[in-house]
Amino acid sequence: MYKVRLWCIKRSRLLETVYLVTKPAIVLGLNAAKKVFGRFLDRPVIVVERSIKGFLFDCQMCGDCVLSKTGMSCPMNCPKNIRNGPCGGVRENGMCEVKPDMLCVWVGAWDGASRMKDGGGIGNLQPALDHRSKGTSSWLKLTEKRSGDE
Amino acid sequence: MNKNVIEMDRDIIDPTAPLPKLEGHVSHTRFERVLRAGQFAVTTEIAPPDSADPAEVVRRADLFSGVVDAINATDGSGANCHMSSLGVCAILTKNGYSPIIQMSCRDRNRIAIQGDVLGAAAIGVGSVLCLSGDDVSVGDHPEAKPVFDLDSISLIKTIKTMRDKGQFLSGRKLDKPPSQFIGSTINPFAPPLKNRVDQLAKKIDAGAEFIQTQYCFDIEMLQSFMTQAVDKGLTERAFILVGTGPLASARTARWLRKNIPGIHIPDAIVDRLEGAENPRLEGRKICIELMARIKEIEGVKGVHVMAYKQEIHVKSIILESKVLGDRQPWARSNPKVFRN
């Protein structure tokens, strides 16, 4: 939802804290559950992740979540899917050139990042997206990575 | 055999053959030579024709002969369909011009783009400008599928990987890597204003070596942006060319402001056009004045003149602005003029 999405950008610091505090527990829990259920865990986790992140961030389930590096503003809502934004067409009032009723995703992202403790991550270069990941869970992906790099 | 002899031979045999790549240069282009020699560079853009006639491209390019160091070939600008930038660049190269191929992420995925990078390098196109591209919704084919597989920054990185690591994004090795001077764009006049310089830093980190900006009609805004860029040391790492161009009338200015997002025109300029007896002439005068002021700003290494539908005036605008000093860029009628 658009309004919730804007609220999340304003509360980027809070959401960052929630993310950092809960991440270890979620990763542990998912790892344990994976041992029991194996691949059967994928579907339910995807459903839960899609509902929560869909409600909060209008998440598009790109499968390679960068929210913590983009001020809690999901770049996949950019009509040009720019993951290193913004583009040069932002309107003078900060709205998107393609969707004039939507705040530019990257105006929101830089704003959100400015309030975050680790907001500097927005300066990292994001590689081109692996389109095979679309529809998969970023949370489960966290369990595959070694601790601490996301 | 000594290098100069080879160079002279080439001039005699084929004035349009690539120049030898100089020490510390990434490409063989005159454009890179001018910038690295510390000269104030001038570039412009050619509007690719809605035609399959190569003579039309040459006719349009000849308007700029002798006053510009490179010519950008736009890639479906405004999301309207025209001759491809690769096609235009092939014709320009064949006629001795130093083209900058614009590559937008809108129409091609990473497979097509990397193929075009190699193709462009193979025909001698030594400069490439990476952009995201206008959305299909603003062009003449709004029903088309937007691609946007890469964004401008991952495109810069892709070409840099091909050039410096000699491999595709997939990791597969290239037999002969492309040697291109990599550029990108920045718009210092659109929100988020305080982060535009961070975006510039990101583009330079990705590998951009030259930058061409959106139209500048507001010197104060440019000044503030350039001060930040200089403070961050960015002007030492990339050559920044500031965009400029003549406005035809107050009506055009208002239309641009309203319909082309990202173009910022202060009221003072619109009022000046409104009050002018001959708005077209006044528009060119404003452009000439702005160019002279832009040149004085610290960190600016050149100007990029965009004069859509006013291409015939580009030569006089550049000459009257005196930004070239006493330097004369390469001219098709007199290929030997250039020797920096």
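Quantities reported herein were computed from a predicted structural model and do not represent experimental measurements.

Participant: Outline the sheet that holds strand β7 (residues 239-244) of chain B, supporting the account with residue identities and numerical values.
Facilitator: All names here are of chain B. With parallel pairing, the eight strands of this closed barrel are ordered in space as β1-β2-β3-β4-β5-β6-β7-β8. Across the sheet, the mean angle separating the axes of adjacent strands is 30° when strand polarity is ignored. Note: strand β6 (residues 210-215) against β7, four bridges, orientation parallel. Along β7, the bridge assignment pairs F210 with F239.

Participant: Kindly report on helix α6 (residues 152-165) of chain B, identifying the contributing residues and their values.
Facilitator: Residues and elements named next belong to chain B. For α6, with 14 residues, the first-to-last C-alpha span of 19 Å sits near the 20 Å given by 1.5 Å per residue. Counting buried positions along α6 gives ten out of 14 residues, so the element sits mostly inside the fold. All of the buried residues in α6 are S152, I153, S154, L155, I156, T158, I159, T161, M162 and R163. Where α6 is buried, its residues contact β3 (99-104), α5 (110-122), β4 (127-131), β5 (181-186) and α7 (196-206). Of the residues flanking the end of α6, it is G166, one or two places downstream, whose phi is positive at about 65°.

Participant: Explain the pattern of salt bridges to me, using residue names and the numbers behind them.
Facilitator: Residue and element names in this part refer to chain B. The tally for this structure, following the rule as stated, stands at 28 salt bridges over all chains. A salt bridge links K160 to D164, with the nearest nitrogen and oxygen atoms 2.9 Å apart. Residue K160 and its partner D164 are both found in helix α6; the two are separated by four residues, about one turn of the helix. One salt bridge in this structure joins K232 and D198, with 3.6 Å as the shortest N-O distance. Highlighted residues: K232 in the loop between α8 (219-231) and α9 (234-237) and D198 in helix α7, separated in sequence by 34 residues.

Participant: Tell me about the confidence of the model for chain B, and please be specific about residues and values.
Facilitator: Looking at chain B as a whole, its pLDDT mean stands at 93, while 93% of the residues score no less than 70. Note that pLDDT drops below 50 for residues 1-12 of chain B; the model gives that stretch nine contacts with residues more than four away or on any other chain.

Cut-offs used in this document
Residues numbered from 1 in each chain as written. Chains lettered and ligands numbered in written order. Predicted model: local features only at pLDDT ≥ 70, side-chain atom pairs only at ≥ 80, totals over all residues. Heavy atoms only, no water. Pairing = 2+ DSSP bridges. Helix = DSSP H or I, 4+ residues; strand = E, 2+ residues; numbered from the N terminus. Axes fitted to C-alpha atoms, helices over the stretch in contact; angles between N-to-C directions. Expected span 1.5 Å × (residues − 1). Buried < 20%, exposed > 50% of the residue type's maximum accessible area, 1.4 Å probe, protein only. Contact = heavy atoms within 4.5 Å. Salt bridge = Lys/Arg side-chain N within 4 Å of Asp/Glu carboxyl O. pLDDT = per-residue confidence, 0-100.

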